[in-house]
Amino acid sequence: MIRPFQRIRPPGIRIQLMLWYTMVFAFLILCSDIVLYTQLRTTLITSLNTALQLRSQQIASGIANNGGTITIQDVTGDLSNSDTTTSDMPDASLDIEFGTFVRILNANGQPLRISPAFRTLVLPPISVTQPLHGSDWQGTVMTRGGQEVRLYSVPFTENGTTFAIIQVGESLTQVNTALHSLVLELLIIAPFILLLSAVGSYWLGTHAFAPMNRLIHTAQRIRAGDLQQRVPVPRAYDEVRALALTLNEMIEHLDQTFTRQRRFVADASHELRTPVTAIRSMTELAQLKTLTIEEYEHTLDTINKEAERLGHLISDLLALARADERRVMLEQEAIRLDTLVEAVVANAEGLALERGVSLQLHVSQSVTVLGDEARLMQAVINLLDNALLYTDAGGRVSVKIEATSTYALLTISDTGIGIVPAHLPHIFERFYRADPARTRKEGNSSGLGLAIVEWTIHAHKGTIAVESQPGLGSTFIVRLPRVCAPSQSAFQ
Ligand code: ADP
């Protein structure tokens, strides 16, 4: 059963980018709007405070204290409608927005003059008590109608004694109207900016992913089987370039592997066909029943040799196929390399004698290596067989065992036909034959011998090198990590 949430696909990377950008923009706009609003409000209120202070100073210039009698002269004209009544009841017809807020109190806090608008104010006691104690007070108060008014209360002193308090106020309606219209404008502009940022970030995302789309198209063509294609590499040093280079390396590697694989299959079928064809033609000949006993014997002998060659080839192919699949489990036992090589050499003496080649063995010291005895023995046999095969009668093959503190060295050198430099880099390749005429003539060649040797030596963490001079002979040098003979437990 498909759950409802499973059907909702997560948004693509472009939409995700767009949403992130828009969210970040919304946050930035909100922050900058808050800063703008607070800044403007502070500036407006500060300038209102300054104006109120100035007005109070002007009003103060009209107040005089004549021995306890306070005379008030209306310098600013703000006191024209003021009276001295202590009633708090406001004049209902009054428009406080244009009214002036002025009150003058004596040292007892009794009003001396009060403007009509001032009566509408709801004042906190501190607006009077603080000036009575000698310090200014300013703050925002409310009218009875719920409007804000900025109020400034200042003591009027003579010889250090407060004898009057001047209170002036100014409606904050205009300031609030200005701030409200600012908020309104910001609220109208913000969605447009957000819309623009969303469209812009989507466009940017599309533009930024254009190289990726090119990569995808090329990769799709490659998937269709064209391994000659390479993805375009952008010139800028960024992640897309790194991805393109990695993809190209991967395609190159795949291309090489497929080519090698194809060649291997073609070579293998070709090699397998040759002995099969030989066996078939021999059996067809035998079926004619016109052969003598000797001819039958010879035919059966040839069939046997071809079958043997086929068997070798198939087991070599199997060994390499297993190696390729990394399915080969190597034994890890301590092996006396000198003893192993001695056995192989002793076994090859018959062949050497048959071919008229002198075979010599020099063991400078006993040396132990860690590995798979059967596989190492096969590798030494392959090298020695080649040395005997490519050396003509009267030649010499010498096998040497030496050791350094860390490595066992096996050197097999011959005075045979040698290998021309052009062939040297390829002789470890599968089915590569530098001298096909000779290998065919001599029989048991598969062209896989050295490939198996190289794999075996590398699997034992060793190296193999070859030096050769055409007409003078070849030397194969195998290095294998040696282990301490007494404990035979670890590599040195
Ligand atoms: P093959 O079964 O043909 O001997 P190998 O893989 O053992 O295949 O060797 C590859 C080729 O390397 C041979 O065909 C031969 O031309 C060359 N080669 C190998 N060993 C020697 C050697 N000791 N002297 C000269 N050529 C050699």
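This write-up is about the structure you can find in this document. (Residues numbered from 1 in each chain as written. Predicted model: local features only at pLDDT ≥ 70, side-chain atom pairs only at ≥ 80, totals over all residues. Heavy atoms only, no water.)

## Details of the overall build of the chain
Stage number 1. When its secondary structure is counted, the chain shows 11 helices and 15 strands.
Stage number 2. With respect to the principal axes defined by its C-alpha atoms, the chain has extents near 160 × 60 × 50 Å.
Stage number 3. For the chain, the proportion of its 492 residues judged to be buried stands at 35%.
Stage number 4. Long-range pairs, those at least 24 residues apart, make up 63% of the contacts in the chain with a sequence separation of at least 6.
Stage number 5. In the form shown here, the chain has an accessible surface area of approximately 29400 Å², with 59% of it arising from carbon and sulfur atoms.
Stage number 6. Computed over 41 positive and 48 negative side-chain charges, the inter-centroid distance for the chain is 4 Å. (Helix = DSSP H or I, 4+ residues; strand = E, 2+ residues; numbered from the N terminus. Buried < 20%, exposed > 50% of the residue type's maximum accessible area, 1.4 Å probe, protein only. Contact = heavy atoms within 4.5 Å. Areas by Shrake-Rupley, 256 points an atom, 1.4 Å probe, with all protein chains shown as cover. Lys, Arg positive; Asp, Glu negative; His and termini not counted. Charge placed at Lys NZ, Arg CZ, Asp CG, Glu CD.)

## Quick word on empty space enclosed by the protein
Stage number 1. Under the definition given, this model contains one cavity of 30 Å³ or more.
Stage number 2. Estimated volume of the largest cavity: approximately 50 Å³.
Stage number 3. Secondary structure elements with two or more residues in the lining of the largest cavity: helix H9 (373-389), helix H11 (449-459) and strand E15 (473-481).
Stage number 4. Broken down by element, the lining of the largest cavity gets its largest block of residues, four residues, from H9.
Stage number 5. For the lining of the largest cavity, the per-class residue count stands at 10 nonpolar, no polar and no charged. (1 Å grid on protein atoms, 1.4 Å probe; cavity = no way out; pocket = protein on both sides within 12 Å on 5 of 7 lines; lining within 4 Å. Points joined across faces, edges and corners; volume = space filled by probe spheres on them. Nonpolar A, V, L, I, M, F, W, Y, C, P; charged D, E, K, R; others polar.)

## With respect to the site of the ligand
Stage number 1. Around the ligand sit 20 residues in total, of which Asn386, Ala434, Ser445, Gly447 and Leu450 are the nearest.
Stage number 2. Within the side chain of Asn386, a nitrogen or oxygen atom sits 2.8 Å from an oxygen atom of the ligand.
Stage number 3. The contact in question runs from an oxygen atom of the ligand to an N or O atom on the backbone of Gly449, over 3.4 Å.
Stage number 4. In isolation the ligand exposes 530 Å². Once the protein is present, 97% of that is buried.
Stage number 5. At the level of elements, H9, H11 and E15 are the ones that each hand at least two residues to the shell around the ligand. (Near = heavy atom within 4 Å. Polar contact = N/O pair within 3.5 Å; in protein donor to acceptor, adjacent residues only side chain to side chain.)

## Description of unusual backbone geometry
Both trends apply: most residues other than glycine have a negative phi, and most peptide bonds are in trans.
Stage number 1. In the Ramachandran plot, Phe431 falls in the positive-phi region, its phi being about 65 degrees despite a non-glycine side chain.
Stage number 2. Inspection of the secondary structure assignment puts Phe431 in the loop between strand E13 (407-414) and helix H10 (436-442).
Stage number 3. One non-glycine residue, Lys461, lies in the positive phi region at around 60 degrees.
Stage number 4. For Lys461, the position within the fold is in the loop between H11 and strand E14 (463-469).

## Focus on the sheet that holds strand E10 (residues 358-363)
Stage number 1. Taken together, five strands build an open sheet; the order of strands is E10-E12-E13-E15-E14 and the sheet is mixed. The open sheet has two edge strands, E10 and E14, and neither has a second partner. Each strand axis lies, on average, 10 degrees off the axis of its neighbour in the sheet, ignoring direction.
Stage number 2. Here six bridges tie E10 to strand E12 (residues 396-403), and the two strands are oriented parallel to one another. (Pairing = 2+ DSSP bridges. Axes fitted to C-alpha atoms, helices over the stretch in contact; angles between N-to-C directions.)

## Description of the sheet that holds strand E4 (residues 111-114)
Stage number 1. Strands sit in the order E4-E3-E8-E7-E6-E5 across an open sheet of six strands; the sheet is antiparallel. Across the chains shown, the open sheet's two edge strands, defined by having one partner strand only, are E4 and strand E5 (121-122).
Stage number 2. Across six bridges, strand E3 (residues 101-106) lies against strand E8 (residues 161-171) in antiparallel orientation. Pairing of Leu105 across the sheet is with Ile165, part of E8.
Stage number 3. Against the sheet, helix H2 (residues 13-60) contacts E3, strand E6 (137-143), strand E7 (148-158) and E8, and its axis sits at roughly 135 degrees relative to E8.

## Some words on the pattern of salt bridges
Stage number 1. On inspection of all chains with the given rule, the structure shows 10 salt bridges.
Stage number 2. The salt bridge involving Glu284 is made with Arg280; its shortest N-O contact spans 3.7 Å. Taken together, the residues span about one helical turn, with Glu284 and Arg280 both in helix H6 (residues 239-287) at a distance of four residues.
Stage number 3. For Glu284, a relative accessible area of 43% corresponds to the partly exposed category.
Stage number 4. Connected via shared salt-bridge partners are Arg230, Glu252 and Asp255. (Salt bridge = Lys/Arg side-chain N within 4 Å of Asp/Glu carboxyl O.)

## Side note on the side chain of Thr162
Stage number 1. For Thr162, the position within the fold is in strand E8.
Stage number 2. The contact partners of Thr162, leaving out residues within four places of it in the chain, are Ala107, Pro131, Leu132, Gly134, Pro155, Phe156 and Thr157.

## Let's talk about the environment of Leu179
Stage number 1. Residue placement: Leu179 occurs in helix H4 (residues 173-208).
Stage number 2. Classification of Leu179 as buried rests on a relative accessible area of 1%.
Stage number 3. Placed 141 residues apart in sequence, Leu179 and Thr38 show a C-alpha to C-alpha distance of 9.5 Å.
Stage number 4. Ignoring any residue separated from it by four or fewer positions in sequence, one finds Leu179 in contact with Tyr37, Leu40 and Arg41.

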